[in-house]
Amino acid sequence: MKFVSAGLALAFALAPAAHAQITCDDVGRLNGAVLDDFESLAGDEVDDDIFKTSVVMAGAETCGIDLFFEAVHSCWWRFSSEQEAVATYNASVATLASCIPGWARHGAEEGATPATGVRNIAEVHFAGDGEYTDVEWQLVVEQGTDSAYRLWVELIYF
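Quantities reported herein were computed from a predicted structural model and do not represent experimental measurements.

A. Inspection of the state of the cysteines at higher detail. Within this structure, the stated rule accounts for two disulfides. One disulfide in the model links C63 with C75; its S-S distance is 2.0 Å. As the torsion about the S-S bond is roughly 115 degrees, the C63-C75 disulfide counts as right-handed. With C63 in strand β3 (residues 62-66) and C75 in strand β4 (residues 71-79), this residue pair connects regions lying 12 residues apart in the sequence. Taken as a pair, C63 and C75 share a single burial class, namely buried.

And the structure:
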């Protein structure tokens, strides 16, 4: 996965697993703030260039805004099984696709490698166009070094 995701994971405390839910309302709020580097959504700084966010997707262990390399709004959920993580990923991909019709959908970038000790299980990207040319939604299921399965949902402004 990205370095951004690892940074957010370390910056926020862990909480019990819960059901992941992406809504078109959340997607709209994030798309509305992405071009301004999420300025309207950023709360207190919790680590270098990592901020709390006012948009927390249902059931997420944590959500935050990382401004270190790019502007990234990221949420993640933890699951006890790969099957549960992949099922939630599939539902999340379908919901997100319905919220952003017309965005180009593609798989993982060729040559992309996860962080050391992390196994990517599934990954999809939705690339914007027009005013959103430099914006991308990314959903990833991974198995981390602690053997936990995580679903990451990130909106990235390159």
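B. Structural context of the pattern of salt bridges. For the structure on display, the rule yields four salt bridges. D146 is the partner of R78 in a salt bridge, and the nearest nitrogen-oxygen pair spans 4.0 Å. Placement of R78 in strand β4 and of D146 in the loop between β7 (135-143) and β8 (149-157) is noted, with a sequence separation of 68 residues between them. The partly exposed category is assigned to D146, whose relative accessible area is 41%. In this structure, the salt-bridge partner of E82 is R119, at a minimum N-O distance of 2.9 Å.

Criteria and thresholds
Along each chain, the written sequence defines residue order, and numbers are assigned to residues from 1. With the structure being a predicted model, the display of local features is reserved for residues of pLDDT at least 70 and the display and counting of side-chain atom pairs for 80 or more, all residues being used for whole-chain, interface and lining totals. Hydrogens are left out, water is left out, and the side-chain values use all remaining heavy atoms of the structure. Two cysteine sulfur atoms form a disulfide, by the criterion used here, when they sit within 2.5 Å. Helix and strand assignments come from DSSP, with helices taken as H or I runs of at least 4 residues and strands as E runs of at least 2, each series counted from the N terminus. Burial classes follow relative accessibility: with a 1.4 Å probe on protein chains only, a residue under 20% of its type's maximum area counts as buried, one over 50% as exposed, and anything between as partly exposed. Just to be clear on terms, a salt bridge is a Lys or Arg side-chain nitrogen sitting within 4 Å of an Asp or Glu carboxyl oxygen.

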